[in-house]
Amino acid sequence: MTVLFSVLLVLQIDPFTVQLDAENLLQAGRWKEARALLEQAFRETRDPYFLRMLAEAGFDARDYAYVLRIVQEAEARGDSIPPEAWDRALRAAFLLNRRAWILERESRILEMGDPDLIRLLADIHQNWDDYAAAVRLYREVLQHRKDPDVLNYLGYALLQVGEPDSAEAVFEALREQGDTLRAAKGLALVRERRGDVDGAIQALEEARRASPGDPEVLYRLATLYLRKGKLQEVYPLLEALVNFDPFAYPYRLLLARTYFQDRRFRRALEHLSVLRTLYPHQAEVRDLLARTYWNLRQPARAIAEAREAVRLARTPEKRRTYRTFLVFLYLATRQPREAIHLLSTVNPPFLSDTEMIFLAEAYIQAGKPRKARDLLVRAVRFRKDTAFLASAAEQLYAIGALEEAESALRRLLARDSTNQRGRFLLALIATDRGDVVTARKMYESLLQDTTVANSDRATYANNLGYLLLTTGGDPEEARRYIELALKLRPDVPAYLDSMGWYYFLVGDLGQAKTYLDRAYINGGKDDPEILEHLGDLYRRLGDLRKARRYYREAIRVASPKDRKRLQEKLNNLATGEGR
């Protein structure tokens, strides 16, 4: 082809006709033919308009690799590349995960100074979670124009890089531009990040006034009111959302969780049943259903749903959470073999602290205290969490492994000398061993601790008072401790029993009867110690019929090791001894 003919051919190309023909081909789904036509036009004219059409059409056809190739070839030749072609190339590179391709061209795009392209770069960096770069680029866009969208995104990016003060200033600027809704949403998030839940609620209420039906605002308000425990504020918000979109998973789930937290388990079950039908493979729905059924005293259904939650869990962390609750259900329903089977699938070193305690409890329930002891003794050598050490010590104490329990508690108190639970358990062990000095020391340290709750303080005071009564201590000192316990909690049967026993020991049988009868009436009918004390009292009073009655009741509920002693007291009454 001669040069003259080529020039004439170029002059004959009509951009409008090429565009029209290419668009007709594209509408007919004939992308390859349209591409050939546009490539020919671009080759022969080097008109950026045709490169733009090629990039846009290629992107719409999802031929992303082609878009990158033609722009890259144009770069190599030094052709003029229009902003629209750069736009499609950047989007294509992002979708193809060509991060290096984008970064290599970033400085060139910044030099061009096109705010739309810089905004696109900022959005891409935000999608990469590269918030520092996004902040820099959004600020660059704002040098060219005060775009409310850019201000909004800049505010959120500033929050991600830990600059709440700067984010607050950006959202205030957005408010000044008249965008109250988005400004209030952003300010709510700033305040929430600072821990100012009340301030976040105030901002969201402003957003609600600006747009009363905005689902995002209503949902976020509901979550914050729920955190504050203001359930009556939560219900209308979530009911409105569920009415707005009955099939929306998060709205109905949060409403179910609210009813559950409010202990309105029947209402929670209504919504959870709908969710189970709509979303049968959601493990968190099955888990909440299991907890709801458990609170409704339907253990079989609770276990069935908990099993499904474990099966459907998508992450190891969730599976462990759901499995732990299932083990709890097995233990609560006295199915230790099922609990052992479930936990035996995990190597012991990888059991969580809670799972380890549950496995020990399962062994105890299954009548295998030695296995529980061996498991806990090995665990306490390596585990450092004080809550675990306390729980392990409790279980060791419960199966009579006092030495091992004390060893666990010594490790616990070496890490946290003020641990209340550890000191209390050590006092109990010392009491069982007859080590009055150590027990008294522990109880006195607990009573001097200003952080102890009144209910616990009453327990410690009563135990110390009763310890003094039963080990030959000063009865008047013992009485003062027991009086403190009764002042804090006047109707606890054990404390009433302690005071009754004090009066019995000092010979005031009338007062002893008053307190022991109150202990019995207030819940002591199944307490073998209270029943034994009543038997002793009526034996001393000479009412052998009542003494016999209370000894028999005590034998019925006593542990095997105490029954023999109680039976001897009953036998002595029959022979006339011990009057």
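Residues numbered from 1 in each chain as written. Predicted model: local features only at pLDDT ≥ 70, side-chain atom pairs only at ≥ 80, totals over all residues. Heavy atoms only, no water.

Engineer: Could you clarify how one ought to interpret the packing of helix α31 (residues 509–521) against helix α32 (residues 528–541) in this entry?
Structural biologist: Packed helices, taken two at a time, are described by the angle their axes make and the gap between the axes. Orientation of α31 relative to α32, taken along the N-to-C sense of each, is 150°, at an axis distance of 10 Å. Between α31 and α32, the angle is such that the two are roughly antiparallel. As α31 runs across α32, the sense of the crossing is left-handed. Side by side, α31 and α32 meet where L509, A512, K513, L516, D517, A519 and Y520 of the first sit next to I530, L531, H533, L534, L537, Y538, R540 and L541 of the second. Residues belonging to the contact of α31 with α32 are distributed by class as follows: 11 nonpolar, one polar and three charged. (Axes fitted to C-alpha atoms, helices over the stretch in contact; angles between N-to-C directions. Helix = DSSP H or I, 4+ residues; strand = E, 2+ residues; numbered from the N terminus. Parallel < 35°, antiparallel > 145°, perpendicular 65-115°, else oblique. Left-handed = near helix turned anticlockwise from the far one by under 90°. Contact = heavy atoms within 4.5 Å. Nonpolar A, V, L, I, M, F, W, Y, C, P; charged D, E, K, R; others polar.)

Engineer: Please explain helix α22 (residues 353–365) as it appears in this structure.
Structural biologist: Along an α-helix, residues three or four positions apart point the same way, because every turn accommodates 3.6 residues. Between its first and last C-alpha, α22 extends 19 Å over 13 residues, near the 18 Å set by a 1.5 Å rise per residue. Those residues of α22 that are buried are in contact with α20 (316–332), α21 (336–343), α23 (369–382) and α24 (386–398). Trailing α22 by a residue or two, G367 shows a phi angle of about 75°, which is positive. (Expected span 1.5 Å × (residues − 1).)

Engineer: What is the right way to read the pattern of salt bridges from this model?
Structural biologist: Pairing between side chains of opposite charge can happen when their charged atoms approach one another. In the structure shown here, the tally under the stated rule is 59 salt bridges. A salt bridge links E284 to R257; the shortest N-O distance between them is 3.6 Å. Residue E284 is located in helix α18 (residues 283–295), and its partner R257 is located in helix α16 (residues 249–261); the two are separated by 27 residues in the primary sequence. Given a relative accessible area of 24%, E284 falls into the partly exposed group. (Salt bridge = Lys/Arg side-chain N within 4 Å of Asp/Glu carboxyl O. Buried < 20%, exposed > 50% of the residue type's maximum accessible area, 1.4 Å probe, protein only.)

Engineer: Would you mind showing me how to read the nonpolar core here?
Structural biologist: Nonpolar side chains in soluble globular proteins tend to be buried together. L272 and F388 are the most contacted members of the largest nonpolar core, which has 113 residues in total. The dominant element in this core, judged by the number of residues it contributes, is helix α28 (residues 454–470), at eight residues. When residues no more than four places from it in sequence are discounted, the contact partners of F388 are D353, M356, I357, A379, V380 and R383. A122, A167, A200 and L218 belong to the second-largest nonpolar core, a separate cluster that totals 86 residues. (Core = buried A, V, L, I, M, F, W, Y, C linked by side-chain atoms within 4.5 Å.)

Engineer: Would you mind going over helix α29 (residues 475–488) with me for this structure?
Structural biologist: With 14 residues, α29 should reach 20 Å at 1.5 Å per residue; the first-to-last C-alpha distance of 20 Å fits that figure. Every buried residue of α29 is accounted for by E477, A478, Y481, I482, A485 and L486. Contacts made by the buried residues of α29 are with α27 (436–448), α28, α30 (493–506) and α31. For α29, the N-terminal cap is D474; the gap from its side-chain oxygen to the backbone nitrogen of E476 is 3.0 Å. (Polar contact = N/O pair within 3.5 Å; in protein donor to acceptor, adjacent residues only side chain to side chain.)

Engineer: Whenever I open this one, the environment of R307 confuses me. Can you help?
Structural biologist: For R307, the location among the structural elements is in helix α19 (residues 299–312). Take R307: its relative accessible area is 42%, and that puts it in the partly exposed class. Each C-alpha atom of the pair R307 and V234 lies 31 Å from the other, and the pair is 73 residues apart in sequence. Those residues in contact with R307 that lie beyond four places of it in its chain are L326, Y330 and E338.

Engineer: Sorry, what's going on with the layout of surface pockets here?
Structural biologist: In this approach, a probe sized like a water molecule rolls over the atoms, and the result shows the empty space that is left. Here the largest pocket defines a volume of roughly 890 Å³. In terms of lining residues, the largest pocket is bounded by 28 residues, among which T431, D432, Y466, E529 and D562 are the most central. It is α32 that contributes the most residues to the lining of the largest pocket, six residues altogether. Counted by class, the lining of the largest pocket contains 11 nonpolar, seven polar and 10 charged residues. Around the second largest pocket, the lining residues are F59, R91, F94, L95, D116, R119, L120, D123, I124 and N127. (1 Å grid on protein atoms, 1.4 Å probe; cavity = no way out; pocket = protein on both sides within 12 Å on 5 of 7 lines; lining within 4 Å. Points joined across faces, edges and corners; volume = space filled by probe spheres on them.)

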